[in-house]
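# Coordinate inspection notes
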Amino acid sequence: LKSLETLHDKSSDDPELQAFIAEKYKQLGDTAGGIRSASRGETREARALYLKAMAINQRLIDEGYETAEAKLALVASHRSLADLDKKEDNHEAALDQYRKALDFAKPLSDGLAQSDPLYLRAWRSVASLLRSISIEQAALGHSAESESSFQESLVIRRRLYQLDPNEQTERD
């Protein structure tokens, strides 16, 4: 971790290297306490690492490094934080983070051509986020909003299935 921090500090003028470092922080967060794969269960450490990744990705975008990959990385950081909030039964905070992720993912997906290699991944992310939003809305007792978010997710998933029925979809 110390060598990653040193590399981060010495490479602030290289956006590709900074994006790589942000991804490594996210991976370390996943290992420490992420909920989508095996982890050590250290949610406090995971949160700190996800926040570092998110800060780097946000700074890159703010400074004009607005690649689809950078935006998807920022989406992933928000989603990872939301997942931790959900795990801790903080449904308001989880819903807020999922919505922030969706606020980045939806315009990105809308702007990608169907021929773009990231098209399916971006739209799967939108569908998955809508499903997660639906779950949090239900947990907060917002049934009508939950149903609407879930239905929107289903519409997207059906469209993606029609585009490529053999492509495996993201689990959430």
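You'll find the structure just up there.
Treat the numbers as computed from the prediction; the structure is a model and nothing was measured.

### Things to note about the overall build of the protein
Check the secondary structure of the protein and you find 7 helices and 0 strands. Taken over C-alpha atoms, the radius of gyration comes to 16 Å for the protein, in line with the 16 Å a tight globule of 172 residues would show. By its C-alpha atoms, the protein is 50 × 40 × 30 Å across when sized along the principal axes. Counting every atom, the protein has about 9400 Å² of accessible surface; 50% of that belongs to carbon and sulfur. Taking the average place of the 24 positive charges on the side chains of the protein and the average place of its 30 negative ones, the gap between the two points comes to 4 Å.

### Quick look at the nonpolar core
Counting 23 residues, the largest nonpolar core has Tyr98, Leu102, Leu112, Trp123, Val126, Leu129 and Ile156 as the members making the most contacts within it. Elements that contribute at least two residues to this core include exactly helix H4 (68–87), helix H5 (91–111), helix H6 (119–139) and helix H7 (143–163). Ignoring anything within four residues of it in the chain, the contact list for tyrosine 98 reads Arg79, Ala82, Asp83, Lys86, Leu129, Ser132, Ile133 and Glu136. Grouped together as the second largest cluster of nonpolar side chains are 17 residues, Ala53, Ile56, Leu60 and Leu74 included.

### Topic: H7
Between its first and last C-alpha, H7 extends 30 Å over 21 residues, near the 30 Å set by a 1.5 Å rise per residue. For H7, the set of buried residues is Ser146, Ser149, Ser153, Ile156 and Leu160. Looking straight down H7, one finds that the buried residues subtend no more than 100 degrees of arc, so they occupy a single side. Structural note: H7 exposes Ser143, Ala144, Val155, Arg158, Tyr161 and Gln162 on the side pointing more than 90 degrees away from its buried face. Among the structural elements, H6 are those in contact with the buried residues of H7.

### Structural notes on the environment of glutamate 42
Positionally, glutamate 42 belongs in the loop between helix H2 (15–33) and helix H3 (43–62). Sequence separation between glutamate 42 and aspartate 62 is 20 residues; the distance between their C-alpha atoms is 30 Å.

### Quick look at the pattern of salt bridges
Pairing is possible between side chains that carry opposite charge, provided their charged atoms lie close to one another. Taken as a whole, this structure holds 8 salt bridges when the rule is applied. For the salt bridge of arginine 40 with glutamate 45, the shortest nitrogen-to-oxygen distance reads 2.6 Å. Residue arginine 47 pairs with aspartate 85 through a salt bridge whose shortest N-O separation is 3.0 Å. Here aspartate 85 lies in helix H4 and arginine 47 lies in helix H3, a separation of 38 residues in the sequence. By relative accessible area, which is 22% here, arginine 47 ends up partly exposed. On the accessibility criterion, aspartate 85 (7% relative accessible area) is buried. Each of Arg47, Asp85 and Glu88 takes part in salt bridges that share partners, so that together they form one network.

Calculation rules
- Residues numbered from 1 in each chain as written.
- Predicted model: local features only at pLDDT ≥ 70, side-chain atom pairs only at ≥ 80, totals over all residues.
- Heavy atoms only, no water.
- Helix = DSSP H or I, 4+ residues; strand = E, 2+ residues; numbered from the N terminus.
- Rg over C-alpha atoms; globule rule 2.2 N^0.38 Å.
- Areas by Shrake-Rupley, 256 points an atom, 1.4 Å probe, with all protein chains shown as cover.
- Lys, Arg positive; Asp, Glu negative; His and termini not counted.
- Charge placed at Lys NZ, Arg CZ, Asp CG, Glu CD.
- Core = buried A, V, L, I, M, F, W, Y, C linked by side-chain atoms within 4.5 Å.
- Buried < 20%, exposed > 50% of the residue type's maximum accessible area, 1.4 Å probe, protein only.
- Contact = heavy atoms within 4.5 Å.
- Expected span 1.5 Å × (residues − 1).
- Arc of directions from axis to C-beta.
- Salt bridge = Lys/Arg side-chain N within 4 Å of Asp/Glu carboxyl O.

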